[in-house]
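Descriptive analysis of the structure
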Number of protein chains: 2
Amino acid sequence: MSESVTMQGLACPLPLAHTEKIVLGHGSGGKLSHDLIKTYFLPAFDNPALRAGNDAGIVTLDATRLAISADSHVVAPLFFPGGDIGKLAVCGTVNDLAMMGATPLYLTAGFILEEGLDMTLLARVAESMRDAAREAQVQIVAGDTKVVQRGKADGLYISTAGVGVLRDGVNIHGANAQPGDAVILSGTLGDHGIAVLSARGDLGFDADIVSDIAPLNELVAAILETGAALHVLRDPTRGGVATTLNEIAQQSNVGIVLREDALPIRPAVAAACEMLGFDPLYIANEGKLLAVVASQDAERVLRVLRAHKYGADAALIGIVQAEPRGRVLLKTSIGSARVVDVLMGELLPRIC
Amino acid sequence: MSESVTMQGLACPLPLAHTEKIVLGHGSGGKLSHDLIKTYFLPAFDNPALRAGNDAGIVTLDATRLAISADSHVVAPLFFPGGDIGKLAVCGTVNDLAMMGATPLYLTAGFILEEGLDMTLLARVAESMRDAAREAQVQIVAGDTKVVQRGKADGLYISTAGVGVLRDGVNIHGANAQPGDAVILSGTLGDHGIAVLSARGDLGFDADIVSDIAPLNELVAAILETGAALHVLRDPTRGGVATTLNEIAQQSNVGIVLREDALPIRPAVAAACEMLGFDPLYIANEGKLLAVVASQDAERVLRVLRAHKYGADAALIGIVQAEPRGRVLLKTSIGSARVVDVLMGELLPRIC
C-alpha cells in the first residue's frame with residue numbers, strides 16, 4: 001500500500017512534525033507518517049531498495065529481480081461491507097507487489113491476537129485470507145502467532161509480507177512520470193473508507209456502500225500485456241488519490257493536473273463525503289490503482305481495464321505536466337484550478 | 001523462531017484444546033499454539049512449504065532456493081537486560097532463516113504503534129534494529145507503520161519477515177534426525193526468559209542475568225563450512241529446549257535422550273528457576289541453536305561453535321535413538337529417566 005516505508009522514503013521531504021509522542025496522525029499515510037518514517041526509520045535502515053521509495057523494495061538475487069513488501073493491518077471493525085481484516089491483509093500485500101509490476105508469489109502472515117478473541121471469528125478471518133490468496137494465486141508460506149493480554153490489542157492485528165518476481169524489462173517506479181503522460185484511475189473513489197465508516201455506524205444512516213478491496217495483480221498483468229509504456233503504478237490507499245498523486249509528483253518532479261468532472265465516484269460515496277465534510281480525493285481505496293502511462297497508450301490501457309471486473313469504471317482523470325513541479329492541481333468543472341495537497345493529519349484512523 | 005507456523009505445521013498432531021476463546025496459552029509456543037495453528041491456519045493456508053513444518057518456508061524461484069519466514073514480537077517490557085523488542089525482531093527472523101541453513105539477506109518490518117508512544121523510545125528501537133541488521137548483514141528493504149488508539153496496543157509491536165537464499169546441497173529439516181545422531185546445544189539454557197522476567201521485577205531480587213539475543217547466521221555458516229553431516233537446526237525460543245526437541249522427535253519419528261548433567265546453565269538462571277519453580281528446559285532462548293549432527297561429526301561441530309562468541313558454552317547434551325518414537329527423555333544424574341513433554345499452557349506470556 002502507498003504507506004509503505006519503501007514508498008514514503010525520500011518521496012516527501014517535509015519538516016519533522018514538532019511532536020514527541022506518537023499521535024493518530026502518524027498512521028494517516030499523510031505528512032505525519034512521512035515525517036515519522038523519514039526521521040526515524042529511513043536514516044536507520046537506509047539502503048538502495050528502501051531509498052527508491054516505492055510500494056515494494058526491489059532486489060536482485062542470482063539475476064532474478066524480486067519485489068519485497070510489508071504491511072500491518074489494524075482496521076476497526078474487523079468485518080465491514082465487502083471485506084474483513086484477513087482479506088485486507090492478503091490484498092494489501094499482493095497489491096504492493098503488483099504496483100511494482102511484479103507477479104506476487106509468496107506471502108507471510110503474523111497474527112497478534114488479544115486474549116479472549118472468539119475462535120469462530122479467527123476461523124472466518126483465516127478462511128477469508130485463504131479465499132483472497134487463492135484468487136490472487138499466492139501461497140502463504142510462513143507465519144507466526146502471538147497472544148497479548150486482554151486490553152493490549154483490539155481483537156486481532158495481522159502483519160503480512162510478500163515476495164514477487166519481476167519479468168525482464170518491467171521498470172515501474174514513482175519517479176518515472178513524464179510530462180504529457182496520462183493519469184488513469186481504475187475505478188471509483190473512496191468506496192473502502194466510506195464502507196468502513198458505515199460499519200462503524202459513523203454515517204448516521206444506512207448507506208449501501210461496499211469496500212472495493214480486491215487483489216489487483218490480474219489487472220496489472222493485463223496492462224503489462226498491452227505493451228503500453230507504463231511509467232508508474234500505485235494503489236491509492238491511506239491518504240487517498242490526492243496523497244498518492246502528490247507522492248508521484250514529488251518523486252518524478254512533475255506537475256499533475258486532475259479534471260474534477262472526470263473523477264469517478266459513486267453517488268452514495270459522494271453523498272456521504274458531502275455530509276461528513278470529507279474530500280473523496282483523500283479517502284482510502286483498497287482495490288484501485290493509479291496508472292501513469294504514455295498518452296498514446298491511454299486508450300489501450302483504459303480498454304483492458306474496463307474489460308476486467310475490477311476496472312469497469314476506469315477513467316482518465318488527469319495529465320502530467322512539467323509544472324508546477326511536485327504539485328497536484330485540480331481543474332474544477334467551472335474552469336478554476338486549486339492545489340491538491342497531501343493529507344496532513346488523520347482523516348480516518350484504523351481504516352486498514 | 002520455533003513457533004512459526006511453518007514449524008508447528010504438522011509437526012505436532014495434538015488434539016484440539018477445547019476452548020472457544022483465545023487464551024494466553026495459545027501464544028506459548030506449546031501445545032495450545034500447535035493446536036491453534038493446526039486447527040485454524042494450516043487447513044486454510046495449506047501448501048508444501050508450510051506443510052514441511054520448519055522454521056521457514058522453502059520455495060524455488062528460477063532454480064534459486066529461497067527461505068521465507070515471519071515473526072511478530074510483543075515482548076514486555078520493550079527493553080530488558082541484553083536487548084529490546086527491536087533487536088528481538090531482527091534476530092528472531094534472521095535466526096528462523098539461519099535454522100534452515102539459509103543465508104539471511106532481506107528483512108521487512110511492520111510497526112504497530114500505540115498513540116502516545118514516546119518518540120525517543122521509537123528512535124532507540126530503530127537504532128537497535130539497525131545495529132542488529134548490520135551485525136547479521138541483512139537489509140531492511142520494506143516496512144509499514146500503523147498507529148492504534150491509546151490502550152489498543154502496549155506501546156509497540158513489531159512484525160518482521162525475512163528472505164534468505166539456500167546454497168546448493170544444504171538440506172536441513174526437522175524430519176532429518178537419525179538414530180545415533182548427536183544433539184548439540186550452542187550455549188546456556190534460559191538466559192532470555194529469565195532476563196525478561198527480571199526486567200519485569202518478577203524475580204523479587206536483582207539477578208545479573210542478560211538475555212542471549214543474538215543473530216546466529218554466522219554460527220550456522222561456520223557449522224556448514226565444516227562439511228559436517230548437519231541434519232537438523234532449530235532455535236529453542238518459546239517453549240524452550242524441551243518443546244523444540246519434542247517437535248524434532250515427532251517430525252523425525254525418533255527418540256531423543258538428554259543427559260541432565262550435560263545441560264549448560266548459568267548458576268544465576270538455575271537459582272532463579274529453582275526459586276520460581278520453573279524448569280529451565282522450558283524457558284525461552286533467543287541466541288541459542290540446537291544442532292542434530294552425525295555422531296562422528298559432533299566434535300568438529302563443537303569445536304567451531306566454541307570458537308565463536310555465541311557458541312562458547314556449546315555442549316553435547318544428548319543423542320537420538322530409534323525409541324521411544326516421538327518422545328524426549330531426560331537421564332538424570334542419578335541414572336533415572338523421565339519423559340520431557342512439550343510445554344502445555346503458558347509459562348511466561350509476552351516473552352518475545
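Owing to the predicted nature of the structure, the values given are computational and were not obtained by experimental measurement.

Rules and cut-offs
Residues numbered from 1 in each chain as written. Chains lettered and ligands numbered in written order. Predicted model: local features only at pLDDT ≥ 70, side-chain atom pairs only at ≥ 80, totals over all residues. Heavy atoms only, no water. Domains from an automatic or database assignment. Contact = heavy atoms within 4.5 Å. Buried area = accessible area lost by both parts, 1.4 Å probe. Salt bridge = Lys/Arg side-chain N within 4 Å of Asp/Glu carboxyl O. Polar contact = N/O pair within 3.5 Å; in protein donor to acceptor, adjacent residues only side chain to side chain. Helix = DSSP H or I, 4+ residues; strand = E, 2+ residues; numbered from the N terminus. Least-squares fit on C-alpha atoms with pLDDT ≥ 70 in both. Nonpolar A, V, L, I, M, F, W, Y, C, P; charged D, E, K, R; others polar. Core = buried A, V, L, I, M, F, W, Y, C linked by side-chain atoms within 4.5 Å. Buried < 20%, exposed > 50% of the residue type's maximum accessible area, 1.4 Å probe, protein only. Pairing = 2+ DSSP bridges. Axes fitted to C-alpha atoms, helices over the stretch in contact; angles between N-to-C directions. Phe/Tyr/Trp six-rings, centres within 6.5 Å; stacked < 30°, edge-to-face > 60°. Lys NZ or Arg CZ within 6 Å of the ring centre and 35° of its normal. 1 Å grid on protein atoms, 1.4 Å probe; cavity = no way out; pocket = protein on both sides within 12 Å on 5 of 7 lines; lining within 4 Å. Points joined across faces, edges and corners; volume = space filled by probe spheres on them.

1. Here we look at the domain arrangement of chain A
For an interface, size is often stated in terms of accessible area lost upon the parts coming together. Residue and element names in this part refer to chain A. Segmenting chain A into domains produces domain 1 (24–166) and domain 2 (182–339). Each of domain 1 and domain 2 has a C-alpha centre, and these two points are 22 Å apart. Taken together, the contact between domain 1 and domain 2 spans 30 residues of the former and 28 residues of the latter. Counting each side, the surface lost to burial between domain 1 and domain 2 is near 2200 Å², with a carbon and sulfur contribution of 56%. K309 is the partner of E135 in a salt bridge, and the nearest nitrogen-oxygen pair spans 3.8 Å. At the boundary of domain 1 with domain 2, the tally comes to 11 residue pairs in polar contact (both at pLDDT 80 or more). Those elements that provide at least two residues to the side of domain 1 that touches domain 2 are β3 (79–80), β4 (83–84), α4 (85–98) and α5 (119–136). No other element matches α4, which puts seven residues into the side of domain 1 that touches domain 2.

2. Quick word on the relation of the copies chain A and chain B
Its rotation angle being 180 degrees, the transformation that places chain A on chain B also includes 0.0 Å of axial translation and leaves an RMSD of 0.0 Å. Seen this way, the second copy is the image of the first under a two-fold rotation axis. Among all C-alpha atoms of chain A, that of A153 of chain A lies closest to the rotation axis, at 2.4 Å. Interface residue correspondence from chain A to chain B reaches 100%, placing this contact among same-surface, isologous pairings.

3. A closer look at the interface of chain A and chain B
Listed as interface residues are 77 residues of chain A and, on the opposing side, 78 residues of chain B. Linking chain A with chain B are six salt bridges. A salt bridge links R238 of chain B to D144 of chain A; its shortest N-O distance comes to 3.3 Å. Run the count over chain A and chain B and you get 25 residue pairs in polar contact (both at pLDDT 80 or more). With 10 residues, strand β6 (residues 139–148) of chain A is the single largest residue contributor to the side of chain A that touches chain B. Of the residues belonging to the side of chain A that touches chain B, the class tally is 42 nonpolar, 20 polar and 15 charged.

4. What to know about the environment of M119 of chain A
Position of M119 of chain A among the secondary structure elements: in helix α5. Along the primary structure M119 of chain A and M275 of chain A are separated by 156 residues, whereas in three dimensions their C-alpha atoms are 38 Å apart.

5. So, the environment of N176 of chain A
The topology assignment puts N176 of chain A in the loop between β7 (156–166) and β8 (182–185). Apart from the residues within four sequence positions on either side, N176 of chain A is in contact with N171, D181, H231, V232 and S252 of chain A.

6. Brief notes about the nonpolar core
In this structure, F45 of chain A together with F111, L113, M129, L156 and I194 of chain B are the most contacted members of the largest nonpolar core, which totals 55 residues. Elements that contribute at least two residues to this core include exactly α2 (31–45) of chain A together with α4 (85–98), β5 (102–114), α5 (119–136), β6 (139–148), β7 (156–166), α6 (191–199) and α9 (267–276) of chain B. The element best represented in this core is α5 of chain B, accounting for 10 residues. Setting aside anything within four residues of it in sequence, one finds M129 of chain B in contact with F45 of chain A together with G86, V90, A109, F111, I140, I158 and T160 of chain B. Grouped together as the second largest cluster of nonpolar side chains are 54 residues, A89, V196 and I351 of chain A together with L24 of chain B included.

7. Side note on the sheet that holds strand β14 (residues 337–340) of chain A
Residue and element names in this part refer to chain A. Pairing is mixed in the open sheet, where seven strands are placed in the order β9-β11-β8-β12-β10-β13-β14. Only two strands of the sheet have a single neighbouring strand rather than two, namely β9 (230–234) and β14. Shown here is a sheet whose adjacent strand axes are inclined to one another by a mean of 25 degrees, direction ignored. One ladder, built from four bridges, connects β8 with strand β11 (residues 290–293); its direction is antiparallel. Each residue of the ladder has a partner; that of L185, found in β11, is L290.

8. Notes on the packing of aromatic side chains
In this structure the tally under the stated criterion is four aromatic pairs over all chains. A connected cluster of aromatic rings, assembled from ring pairs, spans F41 and F45 of chain A together with F111 of chain B. Positioned above the aromatic ring of F79 of chain A, the side-chain terminus of R124 of chain A is 3.9 Å from the ring centre.

9. So, the sheet that holds strand β11 (residues 290–293) of chain B
All names here are of chain B. Overall, mixed pairing links the seven strands, which are arranged β9-β11-β8-β12-β10-β13-β14 in an open sheet. Because the sheet does not close on itself, it has two edges, and the strands there are β9 (230–234) and β14 (337–339). Pairs of neighbouring strands in the sheet enclose a mean axial angle of 25 degrees, with direction left out of account. Along the sheet face, helix α10 (residues 298–306) touches β8 (182–185), β11 and β12 (315–321) and points at about 5 degrees away from the line of β8.

10. Section: the layout of surface pockets
Residue and element names in this part refer to chain A. Considering only enclosed or pocket space, the largest pocket measures out at about 270 Å³ in volume. Lining the largest pocket are 17 residues, with A136, Q137, N217, E218 and A221 positioned closest to its centre. Elements represented by at least two residues in the lining of the largest pocket include exactly β5 (102–114), α5 and α7 (217–225). Among the elements that line the lining of the largest pocket, the one with the most residues is α7, at five residues. Classifying every residue of the lining of the largest pocket gives eight nonpolar, five polar and four charged. Residues lining the lining of the largest pocket come from more than one domain, with at least three contributed by each of domain 1 (24–166) and domain 2 (182–339).

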